[in-house]
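So the chains spell out like this:
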Amino acid sequence: MTKKYAALLRGINVSGHKRVPMPELRTVLGELGHTDIATHLQSGNAVFRSEDQDESALAAALEQAIHERFGFSVDCIVRSGSYLAAVADACPFPAAELEGKQLHVTYLDRAMDAERLTGLDAQAYLPEAFELGDRCVYLYAPDGLGRSKLATALARPQLTKGLTATTRNWNTVAKLVEMTRV
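**Q** Teacher, can you tell me more about the pattern of salt bridges here?
**A** Under the definition given, this model contains 8 salt bridges. Across the pair Glu 55 and Arg 135 runs a salt bridge, and its minimum N-O distance is 3.3 Å. Remark: Arg 135 occurs in the loop between β6 (129-133) and β7 (136-140) and Glu 55 occurs in helix α2 (residues 55-70); sequence separation between them is 80 residues. Assessed through its relative accessible area of 16%, Glu 55 is described here as buried. For Asp 134, the salt bridge goes to Arg 135, with nearest N and O atoms at 3.6 Å. For Arg 135, a relative accessible area of 22% gives the class partly exposed. Beyond isolated ion pairs, a larger network of salt bridges with shared partners links Glu 55, Arg 79, Asp 134 and Arg 135.

In structure tokens form, the structure reads like this:
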């Protein structure tokens, strides 16, 4: 039985670095045997259908194929449509009342131990706020991600060491949920 997934590529097509054209990404996914392939924006969001049920194996195969095709490494996180919908449904912030640029989800390749965040004084960053979710971190940044001091703090190496993380704004989160509906 096939299942719909989203592949979230980290750090491609930013300021001309690690260029991965979306038509070529779709080709790579097709060569891996996936079907019903679509991309969203130029920032590394692809949706596909696969019989493989192992998200980590899907991500590893895509990372290897990208390296072989383009000659550089790209971290990928692959998540099922049901997971993406559950993350959106569990959002602790009033998503319907906020602009897409104010709310973000950082997807993680595995669960983050909450102890990593104990040294972070969340009160010092108000009105910005974050919540730890299921293999993700929700971030409310009222002035946007580019001006967020909390986003910078959450990206510190001591908090993210050993994790693959990639962030999407709420507009993209919602679009990926829509695109991965069965």
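**Q** How do you make sense of the sheet that holds strand β1 (residues 3-9) when you look at a structure like this?
**A** The pairing of strands in a sheet comes from backbone hydrogen bonds and takes either a parallel or an antiparallel form. Across the sheet, 4 strands lie side by side as β2-β3-β1-β4; this open sheet has antiparallel pairing. Each edge of the open sheet carries a strand with a single partner, namely β2 (35-40) and β4 (76-80). Sheet twist, expressed as the average angle between the axes of neighbouring strands with direction ignored, equals 20°. Sheet topology note: the β1/strand β3 (residues 45-50) ladder contains 6 bridges and is antiparallel. The residue of β3 that forms the bridge with Leu 8 is Asn 45. Helix α1 (residues 22-31) contacts β1, β2 and β3 of the sheet and is inclined by roughly 155° relative to β2.

**Q** Just checking my understanding: could you explain α2 for this structure?
**A** An α-helix turns once per 3.6 residues; consequently, residues spaced three or four apart project the same way. Between the first and last C-alpha of α2 there are 22 Å, a value that for 16 residues agrees with the 22 Å anticipated at 1.5 Å per step. Close packing links the buried residues of α2 with β1, α1, β3 and β4. N-capping of α2 is provided by Asp 54, with a side-chain oxygen placed 3.0 Å from the backbone N of Ser 56. Immediately downstream of α2, the backbone of Gly 71 shows phi near 85°, a positive value.

Thresholds, definitions, all that
- Residues numbered from 1 in each chain as written.
- Predicted model: local features only at pLDDT ≥ 70, side-chain atom pairs only at ≥ 80, totals over all residues.
- Heavy atoms only, no water.
- Salt bridge = Lys/Arg side-chain N within 4 Å of Asp/Glu carboxyl O.
- Helix = DSSP H or I, 4+ residues; strand = E, 2+ residues; numbered from the N terminus.
- Buried < 20%, exposed > 50% of the residue type's maximum accessible area, 1.4 Å probe, protein only.
- Pairing = 2+ DSSP bridges.
- Axes fitted to C-alpha atoms, helices over the stretch in contact; angles between N-to-C directions.
- Contact = heavy atoms within 4.5 Å.
- Expected span 1.5 Å × (residues − 1).
- Polar contact = N/O pair within 3.5 Å; in protein donor to acceptor, adjacent residues only side chain to side chain.

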